[in-house]
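Listed below, chain by chain, are the residues.
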Amino acid sequence: MTLRPMRWEGGALMMLDQRVLPGRTEWLRLTTWQEVHDAIRDMAVRGAPAIGVAAGYGMALAALAGQNLEEVHKGLAASRPTAVNLFWALDRISGLQTSDFDTLLAEAKAIEAEDLQANLDMARHGAPLIPQNAKILTVCNTGSLATAGHGTALGIIRTAHADGKNIFVYSCETRPRQQGLRLTAYELTVEKIPFKSIVDGAAASLMRAGEVDCVIAGADRIAANGDAANKIGTYSLAVLAKHHGIPFYIAAPTSTFDVTLADGDGIPIEERDASEILENEGGLVGPANCPVWNPGFDVTPGELISAIVTEKGLFRPPYDFKSDGLK
Ligand code: MRU
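Residues numbered from 1 in each chain as written. Predicted model: local features only at pLDDT ≥ 70, side-chain atom pairs only at ≥ 80, totals over all residues. Heavy atoms only, no water.

A. Structural detail: unusual backbone geometry. Residue Leu21 is joined to Pro22 through a cis peptide bond whose omega torsion reads 0 degrees. With respect to the helices, strands and loops of the structure, Pro22 is situated in the loop between strand S2 (12-16) and strand S3 (27-30). Residue Pro176 follows Arg175 across a cis peptide bond; omega there is 0 degrees. Tracing the backbone shows Pro176 in the loop between strand S5 (168-172) and helix H7 (179-191). Despite not being glycine, Gln178 shows a phi value in the positive range, around 60 degrees. In this fold, Gln178 is placed in the loop between S5 and H7. One non-glycine residue with positive phi stands out, namely Lys192, at about 55 degrees. (Helix = DSSP H or I, 4+ residues; strand = E, 2+ residues; numbered from the N terminus.)

Set out below in structure tokens:
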């Protein structure tokens, strides 16, 4: 285990600031739930499972300060709308019906430890899907940084590599926040897994050239019928994979499932600020006041997903997670 996005230390939540990686390694010391809220909203921490873990610690910080936990629950829930792990973790903490700090801190730590274990189990179930000499396409960052450790889709890739499979990864840049270029490329470099970064628009040509044996992505929320929300652009990859006859897999822990939703139409899709598209570090790129549409996520229909890998095993279409009693 080389990278961890956060740790509890000395009565505070130490959080690796993912906004400045890989150029700078800076740790934020968060001591209030509002700081945790802002870190989630501004994406200092991101990735569905990591957001859930952070929210758990945010509740513990509020308990330490003797704050109204019902209000804090609502406040943290307003940080980002799509990843259901956030709401799952908050419900789990609130479900304890106590404001005792030690109890809440222990639960937050349990959420973190269970996510790490889930990722290791998921990787065991998913690694056999990766053939020897596979060229794998992935999107966004689903690795150690997006979770309590190891990762979901990237965790499977990491385990396949550790198992001695001669794999090669193509990592989509992932516009506009470039989690693929900044974070996945960073993790693959640290892990010494051979890879190339591509711009998102290169995926079709890559598949047509026979350079992709499978696609693996993570998820932020999976409905009862297998429809899966993930980083914007994932749906395009699934359609492309179908066209080229390439298997398309989703990897996610059961904390990412929302079986209260019959299908993906009910998944709230975050719309983010225009500046993410219009600006780069050099300043404004588009015309001033350029209108943009900037959804953070899209929904891949379950029928396009060859298998969903969880810590409990593999599921194949047609998906019916409500009857499976997954949660
Ligand atoms: O906007 P982000 O960076 O939080 O989006 C992250 C993703 O879309 C991931 O693929 C998803 O959360 C799964 S992370 C294991």
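B. Representation of the nonpolar core within the structure. Ranked by internal contacts, the top residues of the largest apolar core, which has 38 residues, are Met6, Leu13, Met15, Val36, Ile40 and Tyr57. Listing elements by their share of this core, those giving two or more residues are strand S1 (6-9), S2, helix H1 (33-41), helix H2 (48-64), helix H3 (69-77), helix H4 (84-94) and helix H5 (101-126). Broken down by element, the residue count for this core peaks at 12 residues, all from H2. Not counting residues within four places of it along the chain, the set of residues in contact with Tyr57 comprises Met6, Trp8, Leu13, Leu105, Ala108, Lys109 and Glu112. Counting residues in each nonpolar core, the second largest holds 30 residues, with Cys172, Ile198, Leu237 and Ala238 among its members. (Core = buried A, V, L, I, M, F, W, Y, C linked by side-chain atoms within 4.5 Å. Buried < 20%, exposed > 50% of the residue type's maximum accessible area, 1.4 Å probe, protein only. Contact = heavy atoms within 4.5 Å.)

C. The packing of H4 against H5, seen in detail. Their axes nearest at 10 Å, the elements H4 and H5 cross at an angle of 145 degrees. Considering how the two elements wind past one another, H4 and H5 form a crossing that is right-handed. From H4, Trp88, Ala89, Arg92 and Ile93 reach across to H5, where they touch Leu104, Glu107, Ala108, Ala110, Ile111 and Glu114. Across the contact of H4 with H5, the residue classes break down as 7 nonpolar, no polar and 3 charged. (Axes fitted to C-alpha atoms, helices over the stretch in contact; angles between N-to-C directions. Left-handed = near helix turned anticlockwise from the far one by under 90°. Nonpolar A, V, L, I, M, F, W, Y, C, P; charged D, E, K, R; others polar.)

D. Broad picture of the sheet that holds strand S10 (residues 248-251). The strand order across the open sheet built from 7 strands is S6-S5-S4-S7-S10-S15-S16, with neighbouring strands paired in mixed fashion. Two strands in the sheet have a free side with no partner beyond their single neighbour: strand S6 (195-198) and strand S16 (313-315). With direction set aside, neighbouring strand axes in the sheet form an average angle of 25 degrees. Strand direction decides the pairing type here: S5 and S6, joined by 4 bridges, are parallel. Within S6, the residue paired with Ser171 across the bridge is Ser197. Packed onto the sheet, H5 meets S10, strand S15 (307-310) and S16 and runs at close to 140 degrees relative to S15. In this fold H7 packs onto strand S4 (135-138), S5 and S6, with an angle of close to 160 degrees to the strand it touches most, S5. (Pairing = 2+ DSSP bridges.)

E. Structural detail: the sheet that holds strand S9 (residues 228-231). Taken together, the 4 strands give an open sheet; going across it, the order is S11-S8-S9-S14, and neighbouring strands pair in mixed fashion. Each of the sheet's edge strands pairs with one partner strand only, and the pair in question is strand S11 (257-258) and strand S14 (297-300). Bridge count between strand S8 (residues 221-223) and S9: 2 bridges; the pairing is antiparallel. Directly across from Ile222, in S9, lies its bridge partner Ala228.

F. Molecular detail of the environment of Val45. With respect to the helices and strands, the residue Val45 is situated in the loop between H1 and H2. For Val45, a relative accessible area of 0% translates into the label buried. Taking the C-alpha atoms as reference points, Val45 and Leu145, 100 residues apart in sequence, are found 8.1 Å from one another. Discounting chain neighbours no more than four positions away, the residues touching Val45 are Met6, Met15, Gln18, Ala39, Ile40, Ala50, Ile51 and Ala54.

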